[in-house]
Every structure is written in structure tokens, then in C-alpha cells.
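Below, each chain spelled out in residue letters.
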Amino acid sequence: MSRLEDPEILGQIIESLDNAASGVGGYVTWKRIAWEWVSENLNGESQKSMACHLLAYVNAGGKIDQVAERRGFENPYHYDFRPRINNLDVYVESVLRVDRMGPQLYVVSTHRV
């Protein structure tokens, strides 16, 4: 596991989060079980507010880990965030996809750090 240093990938993540934080749908999507954890543990958070939290974390210099993927996803890496949200340290694991729509994050797991 290493810190994400690639400026192109970081820019794609920021673009995805910025679009979602602005209320544009489809740029950050959630695996059902990942969103269920948010709903049960981060009361009142919406998908838009979660994108805002992640964007603020990245813009403040929060660390994103780039992890080699070994579980058969089509992408070679997944990206881990560890923001503090509502007084909880939260682990957010995501996969970056880029297609004709642009970059999109798919959140596959969330839990307490």
C-alpha cells in the first residue's frame, strides 16, 4: 500500500468527487453494503454530503492509499480514504472507473478505522 502520488489519477478522483458534491448523479456510486454501513453509522449523511466530506478530505491534503487490486476487479488498483466524519474515523475503499462520461468512483466498502 502506498500513498497516491499520480497527479492524473488524483485529478480524476477530485473531478469525480467535485461533480458528486455539486449534486451531479453518477460520479460517485455505492455498493449496497457500503451504503448500508453509512446509513446505519453516519446518521443523516446523504450520498452528496459524503462526496463533500471526501472532497474536503482530499483538498485538505488527506492521504489516499493506492492499493494493488488482487480480487479480480477490472482495475489494477483501489483507493482508500480515511476521513473523520461526525467524530468517527471512517475507512472508505473505492475503485476508479473512467469512461466517456468521465471519471467515477465506485465505493465498495466502508467501516470504522
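Rules behind the numbers
- Residues numbered from 1 in each chain as written.
- Predicted model: local features only at pLDDT ≥ 70, side-chain atom pairs only at ≥ 80, totals over all residues.
- Heavy atoms only, no water.
- Salt bridge = Lys/Arg side-chain N within 4 Å of Asp/Glu carboxyl O.
- Helix = DSSP H or I, 4+ residues; strand = E, 2+ residues; numbered from the N terminus.
- Buried < 20%, exposed > 50% of the residue type's maximum accessible area, 1.4 Å probe, protein only.
- Contact = heavy atoms within 4.5 Å.
- Pairing = 2+ DSSP bridges.
- Expected span 1.5 Å × (residues − 1).
- Arc of directions from axis to C-beta.
- Polar contact = N/O pair within 3.5 Å; in protein donor to acceptor, adjacent residues only side chain to side chain.
- Phe/Tyr/Trp six-rings, centres within 6.5 Å; stacked < 30°, edge-to-face > 60°.

Chemist: Which parts of the structure should I look at to understand the pattern of salt bridges?
Modeler: As a working rule, side chains carrying opposite charge can pair if their charged atoms are close by. Tallied over the full model, the rule gives 4 salt bridges. Notably, a salt bridge pairs D65 with R82, separated by 2.5 Å at the nearest N-O pair. With D65 in strand β3 (residues 64-68) and R82 in the loop between β4 (77-81) and β5 (84-85), this pair connects stretches of sequence that are 17 residues apart. Taken together, the salt bridges that share partners define one network made up of K63, D65 and R82.

Chemist: I would appreciate a short explanation of the environment of Q12 in the present structure.
Modeler: The topology assignment puts Q12 in helix α1 (residues 7-21). Since its relative accessible area comes to 18%, Q12 is described here as buried. Residues Q12 and Q104 lie 92 residues apart in sequence; the distance between their C-alpha atoms is 7.9 Å. Discounting residues that sit within four places of it in the chain, Q12 has contacts with L96, V98 and P103.

Chemist: Please clarify how the pairing of β4 should be interpreted in this entry.
Modeler: On any regular strand, side chains alternate: one points to one face of the sheet, the next to the other face. Counting buried positions over the 5 residues of β4 gives 4, a clear majority of the element. Here β4 runs beside strand β6 (residues 88-99); their pairing, made up of 3 bridges, is antiparallel. Bridging from a neighbouring strand, F81 pairs with V92 of β6.

Chemist: Looking at this structure, I do not really get α1. What am I missing?
Modeler: With 15 residues, α1 should cover 21 Å at 1.5 Å per step; its first-to-last C-alpha distance of 20 Å lies within 8% of that length. All of the buried residues along α1 are I9, Q12, I13, S16, L17, A20 and A21. The buried side chains of α1 occupy one side of the element, clustering within an arc of 165° when seen end-on. The outward face of α1, more than 90 degrees from its buried face, is lined by the exposed residues P7 and E8. A side-chain oxygen of the first residue of α1 lies 2.8 Å from the backbone nitrogen of E8; this N-cap is D6. Once α1 finishes, G23 follows within two positions and takes phi at roughly 95°, a positive value.

Chemist: What is the right way to read the packing of aromatic side chains from this model?
Modeler: The description of an aromatic ring pair rests on the distance of the ring centres and on the angle between the ring planes. Scanning the entire structure with this criterion turns up 2 aromatic pairs. Relative to W35, the ring of W30 has its centre 5.0 Å away and its plane inclined at 70°; by these criteria the two rings are edge-to-face. Taken as a pair, W30 and W35 share a single burial class, namely buried. On the basis of an interplanar angle of 55° and a centroid distance of 6.4 Å, the ring pair of Y57 and F81 is categorised as tilted. Remark: F81 occurs in strand β4 and Y57 occurs in helix α3 (residues 47-59); sequence separation between them is 24 residues.

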